[in-house]
Amino acid sequence: MSKAFASQADLEDKKITFEQLSPHCWAYTAEGDPNSGVIIGDKFIMVSDATATPAMARDLIARIRTVSDKPIKYVLLTHYHAVRVLGASAYFAEGATEIIASQGTYELILERGKEDMQSEMDRFPRLFRNAESVPGLTWPTMVIGGGNPTKGEVPGRLSVELGGVKVEIWHPGPGHTRGDTIAWVEEEKVLFSGDLVEYDAGVYTGDAHLEEWPATLEALRALQAEALVPGRGEAMKGNAQVNKALDYTRRWVETLFAAAKEAAAANMDLKAAMAHTRKSMDPVFGHVFIYEHCLPFDVSRAYDEARGIKNPRIWTAERDKEMWASLQS
């Protein structure tokens, strides 16, 4: 029997937690659903990851308004995926004037944003219940350039002063996508990683750069954060817990890619590569939220990269379903 496509059978709402991690930093988490981060200054507020729809964003806004009435001036796109960015328009009524992204994210929106939007709406019907409220693609107003620090290049950096708290924003290297961007509040040692780091949930790698990802994780570890808002999973408190999430993500990425390289070396087809990968992934990760959704996309990308396809192929709604039918039946 074929499994329900992606997350189409996941229709139960998750419990949302909005918790304070430091004097200015908050985490908005939801039992393995995509997280958002909030940084509240004396003058302005920044939201990291805008949610999937304006309707969903309004729930986050309502929670912010229980603790601050300051303008939500900045919205950070940690990467281009629709489930993270399409809620951005809701913040304009709350004072948003800047939507921030890396050059890599901007290029990915140009290259595949439209396809990704339709693909993710089909994958996550619960998160896109109010898709009619989405006005279209989300475009950054402020783009951060710079190089890839994992290659010794200097990343572009943006420092944003919110009033009593400074936020550093930069691209630490490829991983979940080639444009991943973080927010770092150094004075309070709080890191907002987007999907570069996950904990106790599926790590989606369908658009990833798996070979480089571990080095990017080590660049984040070097910050010695005391709190972390990962892309999925609970907020991590204390450096030991932050490292636990980094280790979890690195283990997923390295286990997946090692299996894919073995499959490619043995000239397996994609379905055989999936079965081979399950032998190492299922015992360790098979119990976590969104695992069965992520794994077919992850294996497809890992197998491509293992065979030398450096730039991830674009996922379309049609490609999604063809792949799913071949691997999850």
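Note that the structure is a prediction, hence the values are computed from the model and not measured.

Q: It is not clear to me how the pattern of salt bridges should be interpreted in this structure. Could you clarify?
A: Any two side chains of opposite charge can pair, on the condition that their charged atoms come close. Inspection of every chain in the model, using the stated rule, returns 26 salt bridges. Between Glu111 and Arg178 there is a salt bridge whose closest N-O contact spans 3.8 Å. Taken together, the positions of Glu111 in helix α3 (residues 103-123) and Arg178 in the loop between β9 (166-170) and β10 (182-185) put the pair 67 residues apart, joining distant regions of the chain. Lys310 is paired through a salt bridge with Glu212; the nearest N and O atoms lie 2.5 Å apart. Of the two residues, Lys310 sits in the loop between α7 (291-306) and α8 (317-327) while Glu212 sits in the loop between β11 (190-194) and α4 (213-221), which places them 98 residues apart along the sequence. On the accessibility criterion, Lys310 (39% relative accessible area) is partly exposed. Overlapping salt bridges bring together Glu107, Glu111, Arg112, Arg178 and Asp207 as one network.

Q: Please explain the packing of α7 against α8 as it appears in this structure.
A: Packed helices, taken two at a time, are described by the angle their axes make and the gap between the axes. Put simply, α7 and α8 touch, their axes get as near as 10 Å, and they point 100 degrees apart. If you check the angle between α7 and α8, you find them roughly perpendicular. Between α7 and α8, the residues in contact are Glu292, His293, Pro296, Phe297, Ser300 and Asp304 and Arg319, Asp320, Met323, Trp324 and Leu327, respectively. Class assignment for the residues of the contact of α7 with α8 results in five nonpolar, two polar and four charged.

Q: Mind showing me how you'd approach the sheet that holds β10 here?
A: Backbone hydrogen bonds are what pair the strands of a sheet, in a parallel or an antiparallel way. Taken in spatial order, the six strands of this open sheet run β8-β9-β10-β11-β12-β13, and their pairing is mixed. The open sheet terminates on both sides in strands that have one partner only, identified here as β8 (157-161) and β13 (236-237).

Q: Looking at this structure, how should I read the packing of α4 against helix α5 (residues 239-265)?
A: Two elements in contact, α4 and α5, have axes whose closest approach is 10 Å; the angle formed by their N-to-C orientations is 175 degrees. Comparing their axes, α5 and α4 come out roughly antiparallel. Where α4 approaches α5, its residues Trp213, Pro214, Leu217, Glu218, Leu220 and Arg221 are matched on the opposing element by Asn243, Leu246, Asp247, Thr249, Arg250, Val253 and Glu254. Grouping the amino acids of the contact of α4 with α5 by side-chain chemistry returns six nonpolar, two polar and five charged.

Q: Whenever I open this one, the sheet that holds strand β4 (residues 45-48) confuses me. Can you help?
A: Across the sheet, seven strands lie side by side as β1-β2-β3-β4-β5-β6-β7; this open sheet has mixed pairing. One side of each edge strand has no neighbouring strand; the edge strands of this open sheet are β1 (17-20) and β7 (142-144). Mean inter-strand twist for the sheet, computed between neighbouring axes without regard to direction, equals 20 degrees. With four bridges joining them, β1 and strand β2 (residues 25-30) adopt antiparallel strand pairing. Looking at β2, one finds that Phe18 is bridged to Tyr28.

Thresholds, definitions, all that
- Residues numbered from 1 in each chain as written.
- Predicted model: local features only at pLDDT ≥ 70, side-chain atom pairs only at ≥ 80, totals over all residues.
- Heavy atoms only, no water.
- Salt bridge = Lys/Arg side-chain N within 4 Å of Asp/Glu carboxyl O.
- Helix = DSSP H or I, 4+ residues; strand = E, 2+ residues; numbered from the N terminus.
- Buried < 20%, exposed > 50% of the residue type's maximum accessible area, 1.4 Å probe, protein only.
- Axes fitted to C-alpha atoms, helices over the stretch in contact; angles between N-to-C directions.
- Parallel < 35°, antiparallel > 145°, perpendicular 65-115°, else oblique.
- Contact = heavy atoms within 4.5 Å.
- Nonpolar A, V, L, I, M, F, W, Y, C, P; charged D, E, K, R; others polar.
- Pairing = 2+ DSSP bridges.

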